[in-house]
Amino acid sequence: MVARVIDGLAAAKEIRQECKARVNKLVQSGIRPGLAVILVGNDPASAVYVKNKIRACDEVGVHSLQFKFPSDIAEEAVLKKIEELNRDPQVHGILVQLPLPRHFDLSRILLTISPEKDVDGFHLYNVGGLVVGNTVFPPCTPFGVLKLLQSNNIKIEGQNVVVVGASNIVGKPMALMLMQQDATVCICHAKTRDLAQFTILADILVVAAGRPNLIVPQMVKTGAVVIDVGINRLSSGELVGDVDFAGVSEKASYITPVPGGVGPMTVTMLIYNTVASAERVFASGE
Ligand code: BQF
């Protein structure tokens, strides 16, 4: 079997078109959606990610504001900025780019963002919502994976899904969202013994472990759908996922590439959440 390659760029483009139309409608009603991005420190990867997000805002007509702080800034200063943005009616989404420098208390930062503006979906309220299946904002990466599966008409209900990686940002919310779609979900992580005995059962395999070539063909069931969330930069400078793409392509029915798979969807769902936030404000009568 030769897998179909899922084009994340194309799917992202389509959703951004939809966002653009929704933004135009809001603007006609006097609301321009706004996203505030807080960047602390000078991690080069984070700078690239923030640039991607700002560019995506520009593309669909979402107003963006950037706030950059040096890595030794006091946590209080960032909290103050978040509180200010919580009160700003022009701002519909607030995101703090991760990772934060080590001296920050991440949970305190995330708790300070108003859940109504938490377009990354990391506030405890939104995290809790995942358990009962009604978040205000689903977290962008798992949301993007779900959209990719749906736009390719891949059935989720009743399927065996194995999620490799149990992070708060990808693995755990992904598992909850797929449970909500009536999949049978198994979560594996760094301490899982004999990973292959789980992955081989997967009809849909979602990999977010951060290890190049973690998933090789022997670990994949013939015809499986393989979603690679990993982004690893090799010493050669090449960007690769967590899956042996060439090898697994010969066994899977669908596979996502890196780059150009899940990554563009992550950024797009952030814009999607921001537009939805502005619509919610409009619907509630401003
Ligand atoms: C692509 C992220 C790890 C840790 C923090 C497009 C992005 C990436 C890849 C991007 C990511 C990863 C983001 C591609 C945002 C996704 O073409 O493959 C876009 O900008 N991402 C982030 O903000 O924080 C991270 C990964």
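Look a little higher up for the structure.
So, here is what we can say about the structure in this document.

Conventions adopted
Residues numbered from 1 in each chain as written. Predicted model: local features only at pLDDT ≥ 70, side-chain atom pairs only at ≥ 80, totals over all residues. Heavy atoms only, no water. Near = heavy atom within 4 Å. Polar contact = N/O pair within 3.5 Å; in protein donor to acceptor, adjacent residues only side chain to side chain. 1 Å grid on protein atoms, 1.4 Å probe; cavity = no way out; pocket = protein on both sides within 12 Å on 5 of 7 lines; lining within 4 Å. Sits in = over half its atoms within 2 Å of the grid points. Helix = DSSP H or I, 4+ residues; strand = E, 2+ residues; numbered from the N terminus. Buried < 20%, exposed > 50% of the residue type's maximum accessible area, 1.4 Å probe, protein only. Contact = heavy atoms within 4.5 Å. Expected span 1.5 Å × (residues − 1). Arc of directions from axis to C-beta. Axes fitted to C-alpha atoms, helices over the stretch in contact; angles between N-to-C directions. Parallel < 35°, antiparallel > 145°, perpendicular 65-115°, else oblique. Nonpolar A, V, L, I, M, F, W, Y, C, P; charged D, E, K, R; others polar. Core = buried A, V, L, I, M, F, W, Y, C linked by side-chain atoms within 4.5 Å. Pairing = 2+ DSSP bridges. Points joined across faces, edges and corners; volume = space filled by probe spheres on them.

## Digging into the site of the ligand
Lining the immediate surroundings of the ligand are Tyr 49, Asn 52, Lys 53, Gln 97, Leu 98, Ile 231, Pro 259, Gly 260, Gly 263, Pro 264 and Val 267. With respect to the ligand, the side chain of Asn 52 contributes an N or O atom lying 2.9 Å from an oxygen atom. At 3.0 Å, a side-chain N or O of Gln 97 approaches an oxygen atom of the ligand. Mapping the ligand onto the cavity grids shows that it belongs to the largest pocket. Taken together, the elements giving at least two residues each to the shell around the ligand come down to helix H2 (44-60) and helix H10 (262-283).

## Here we look at helix H7 (residues 171-180)
All of the buried residues along H7 are Gly 171, Pro 173, Met 174, Ala 175, Met 177 and Leu 178. Against helix H5 (124-132), helix H6 (140-151), strand E5 (160-164), strand E6 (184-188) and strand E7 (204-207) lie the buried residues of H7. Just downstream of H7 lies Asp 182, where phi reads positive at about 70°.

## What about H2?
Helix length check: H2, at 17 residues, gives a terminal C-alpha distance of 25 Å against a target of 24 Å (1.5 Å per residue), a fit within 8%. For H2, every residue scored as buried is listed here: Ser 46, Val 50, Lys 53, Ile 54, Ala 56, Cys 57 and Val 60. End-on, the buried residues of H2 take up no more than an arc of 155°, which puts them together on one face. Structural note: H2 exposes Pro 44, Lys 51, Arg 55 and Asp 58 on the side pointing more than 90 degrees away from its buried face. Contacts made by the buried residues of H2 are with helix H1 (8-28), strand E2 (34-40), strand E3 (63-69), strand E4 (93-96) and H10. Positive phi appears at Gly 61, one or two residues downstream of H2, with a value of about 90°.

## Description of the packing of H1 against H2
The N-to-C vectors of H1 and H2 enclose an angle of 55°; their axes lie 8 Å apart at closest approach. In terms of orientation, H1 and H2 fall into the oblique class. Contacts from Arg 16, Cys 19, Lys 20 and Val 23 in H1 reach Ala 56, Glu 59 and Val 60 in H2. Residues that form the contact of H1 with H2 fall into these classes: four nonpolar, no polar and three charged.

## Brief notes about the side chain of Arg 16
Looking at where Arg 16 falls in the secondary structure, it is placed in helix H1. Dropping the residues within four chain positions of it, Arg 16 is found in contact with Ala 56, Glu 59, Val 60, Pro 264, Val 267 and Thr 268.

## A few points about the environment of Gly 285
Following the sequence through the fold, Gly 285 ends up in the segment after H10. Considered as a pair, Gly 285 and Leu 214 are 71 residues apart in the sequence and their alpha carbons are 50 Å apart.

## Focus on the nonpolar core
Grouped together as the largest cluster of nonpolar side chains are 53 residues, with contacts concentrated most on Leu 149, Leu 178, Val 206 and Ile 227. Examining the composition of this core, we find that nine residues originate from one element, H10, more than from any other. Contacts of Leu 178, omitting those with residues within four sequence positions, involve Leu 146, Leu 149, Ile 156, Val 161, Val 163, Ala 183, Val 185 and Val 206. Counting 20 residues, the second-largest nonpolar core is a separate cluster that includes Ile 82, Leu 98, Phe 104 and Ile 113.

## A word on the sheet that holds E2
Read across the sheet, three strands follow the order E3-E2-E4 without closing on themselves; strand pairing throughout is parallel. The two strands at the open ends of the sheet, each matched to only one other strand, are E3 and E4. Adjacent strand axes in the sheet meet at a mean angle of 15°, parallel and antiparallel pairs treated alike. Bridging between E2 and E3 involves seven bridges; their strand directions are parallel.

## Structural notes on the layout of surface pockets
Estimates place the volume of the largest pocket at around 1,400 Å³. Every residue lining the largest pocket is counted, 49 residues in all, and those nearest its centre are Tyr 49, Thr 141, Ile 231, Gly 263 and Thr 266. Among the elements that make up the lining of the largest pocket, the one with the highest residue count is H2 (nine residues). Each pocket or cavity is described by its volume, and for the second largest pocket that value is around 350 Å³.

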